[in-house]
Amino acid sequence: TGNGTGTAVTGAGSAEDQRTAVGEGAQTLTTRQGHPVVDNQNVRTVGSRGPTTLENYHFLEKISHFDRERTPERVVHARGAGAHGTFEAYGTVGDEPIAKYTRAKLFNTKGKETPVFVRFSSVIHGGHSPETLRDPRGFATKFYTEDGNWDLVGNNLKVFFIRDAMKFPDMVHSLKPDPVTNRQDGGRIFDFMSHHPEALQMITFLFSPWGIPANYREMEGSGVNTYKWVNAAGEAQLIKYHWVPQQGVRNLTQPEAEAIQAKDFNHATGDLYDNIKAGNFPKWELCVQMMPDGEHNELPFDPLDDTKIWPEDQFPYLPVGMMTLNKNPENYFAEVEQVAFGTGVLVDGLDFSDDKMLQGRTFSYSDTQRYRVGANYLQLPINAPKKHVATNQRDGQMTYHVDTAPGQNPHVNYEPSRLNGLSESAPAGKEHEPAYEARLVRQKLERHGDIDFQQAGDRYRRHTDREKDDLINNLADNLKGADKSVQDKMVELFTKCDADYGRRVREGIDKAMAEKAGMNGHGHAEVGVRSAGTQKPSM
Ligand code: HEM
């Protein structure tokens, strides 16, 4: 069925499956062994009050399945919401035929439709954490194309904190709750960030209202990392992907988010589900920024540095198609929880760049999914391509079916063979073969020293007054408990971005610390001592 519920993928629907036992109807509750359940209310006991017996198969199956209902959460992006939809290609990129730059079939014909599944998420906290928290938002799209799946695994913000995959686990640890107190702590976050001037642009977005999108529909998306397109001749372009919401963009200040959170901590999931249910289908236009493959030493930033934006006046957004989300999941777990996206999942005509973050990510996603969902995660309907799949991969936990081709000799699960096994495909075009000549090193990706401060400063100056005020309040609030060495270093870095930025953060920290000291001196206001509303225990 493609949605993971109900009908099995193979062998379903034969007359045998419709057999019923004595006393059983079409809606009768059964065990997973097919035994009709006669009593689902009472465990079996010796006498009505007596000890419970252990041979009660139905009870044991029910409770032990329940004991295993949770699979591990995603280590990041655990909280999410998803929907099905369609991507419709324009056949062009800007005003040129798209085939000039990529041979990917999903883009090549005007009006071509490709089914998609999208999962939106927040990043740091657990699976049922509030959707009002300050966090980047994930925007991951699976395109079920005629050439197999393409996953575009992006975020709402256009840049990232770091540009080397080696740093990702440390960065995530600093943002996750403290391993002792189990609380997120601005002092730990900025201790890490103060070593990374390349994070300043992301920080300047994240601590402004851009760090709390109003919901998932009124939010942008971006591939963040740099990819490539490859045409029929094997020539490559560097590409950045962007989703432009047709609903507009809306973000929340911290007080606005707190007002929502007081009443509803699932507001973004609810907004997406209710709008789709009501037929108000959200749409995003997919745009790309493009530059010819190469090092581009003429630019002040490295095009492989995901902490930098490609300025729109130099690299305009070129539309390539429109996505509409028009169907809610039928089962949250089967679809939204078990879906598995990865940056390595590309189709012919799309390629990797040498972006070090992208290459690190590409190992990480399928690695974690083999652990989180299982070795055969790609056989689940939500993850399986909607096309011919034939591999020689066999067995492993939860093997659901054998992906052979019709007529394939079932004895031949290897390749090559002369005995009617699977064989290789003809190439779709000339391979893109970049040439390398360099020493194998461990080195920073850096260019023109102060570019980290320039782009972050530009971002600060472009914020509206409302955004700047909220940014300063939020930074001050997070830095007020930080070590003085961390506060001083962050103020120094913000000052390098823009003197006004640094001055306002310093004043904000001083004010927040004075307020904190004042409150602690007057009746422990921080701890929230209550007098009214205290209840006696009920009897
Ligand atoms: C999820 C690793 C950077 C966007 C994940 C997951 C891992 C991971 C392990 C959990 C996947 C799962 O359980 O299915 C990494 C590493 C990174 C990195 C190692 C850097 C080296 C990024 C960046 C972005 C991003 C730069 C934004 C473009 C996402 C999204 C998800 C995700 C959207 C959730 C996908 C879903 O909804 O299932 N990442 N990540 N990640 N990551 Fe990353």
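To start, this report covers the structure provided alongside it. This structure is a prediction, so every number in the text was calculated from the model and none was measured.

1. Some remarks on the overall build of the protein
Then, in step 1: The helix and strand tally for the protein stands at 12 helices and 12 strands.
Then, in step 2: Projected onto its principal axes, the C-alpha positions of the protein cover 80 × 80 × 45 Å.
Then, in step 3: By residue count, 35% of the 539 residues in the protein fall in the buried class.
Then, in step 4: Taking contacts inside the protein between residues at least 6 apart in sequence as the whole, the part at least 24 apart equals 72%.

2. Concerning helix α3 (residues 186-193)
Then, in step 1: Burial in α3 covers these residues: R188, I189, F190 and M193.
Then, in step 2: The inward-facing, buried residues of α3 contact α2 (168-175), α4 (200-206), α10 (465-479) and α11 (484-497).

3. A short note on the site of the ligand
Then, in step 1: Taken together, 27 residues are adjacent to the ligand, and H77, R119, G138, A165 and V224 come closest.
Then, in step 2: Elements with a contribution of two residues or more to the shell around the ligand: β4 (113-122), β5 (137-145), β6 (148-155) and α8 (356-372).
Then, in step 3: Considered class by class, the residues forming the shell around the ligand number 13 nonpolar, 10 polar and 4 charged.

4. Focus on α8
Then, in step 1: Under the 1.5 Å per step criterion, the end-to-end length of α8 is 24 Å for 17 residues, consistent within 8% with the ideal 24 Å.
Then, in step 2: Looking at α8, one finds that the buried residues are M357, L358, T362 and Q369. Buried residues of α8, seen end-on, are gathered within an arc of 140 degrees and therefore sit on one face of the element. Turned more than 90 degrees off the buried face of α8, the exposed positions are D367 and Y371.

5. As for the pairing of β5
Then, in step 1: By the criterion of burial, β5 is predominantly enclosed, with 9 of the 9 residues buried.
Then, in step 2: Alternating positions in β5 separate into two faces, R137, F139, T141, F143 and T145 on one and G138, A140, K142 and Y144 on the other, with burial throughout.
Then, in step 3: Note that β4 and β5 share 7 bridges and pair antiparallel. By the bridge assignment for β5, S122 is matched with R137.
Then, in step 4: Inspection of the sheet shows β5 paired to β6 by 8 bridges, in the antiparallel sense. Across the sheet, F139 pairs through a bridge with G154, a residue of β6.
Then, in step 5: In this antiparallel pair of consecutive strands, β5 and β6, the connection spans 2 residues.

Each value, and the rule that gives it
Residues numbered from 1 in each chain as written. Predicted model: local features only at pLDDT ≥ 70, side-chain atom pairs only at ≥ 80, totals over all residues. Helix = DSSP H or I, 4+ residues; strand = E, 2+ residues; numbered from the N terminus. Buried ≥ 20, exposed ≤ 12 C-beta atoms within 10 Å, placed from the backbone. Contact = placed C-beta atoms within 7 Å. Near = placed C-beta within 6 Å. Nonpolar A, V, L, I, M, F, W, Y, C, P; charged D, E, K, R; others polar. Expected span 1.5 Å × (residues − 1). Arc of directions from axis to C-beta. Pairing = 2+ DSSP bridges.

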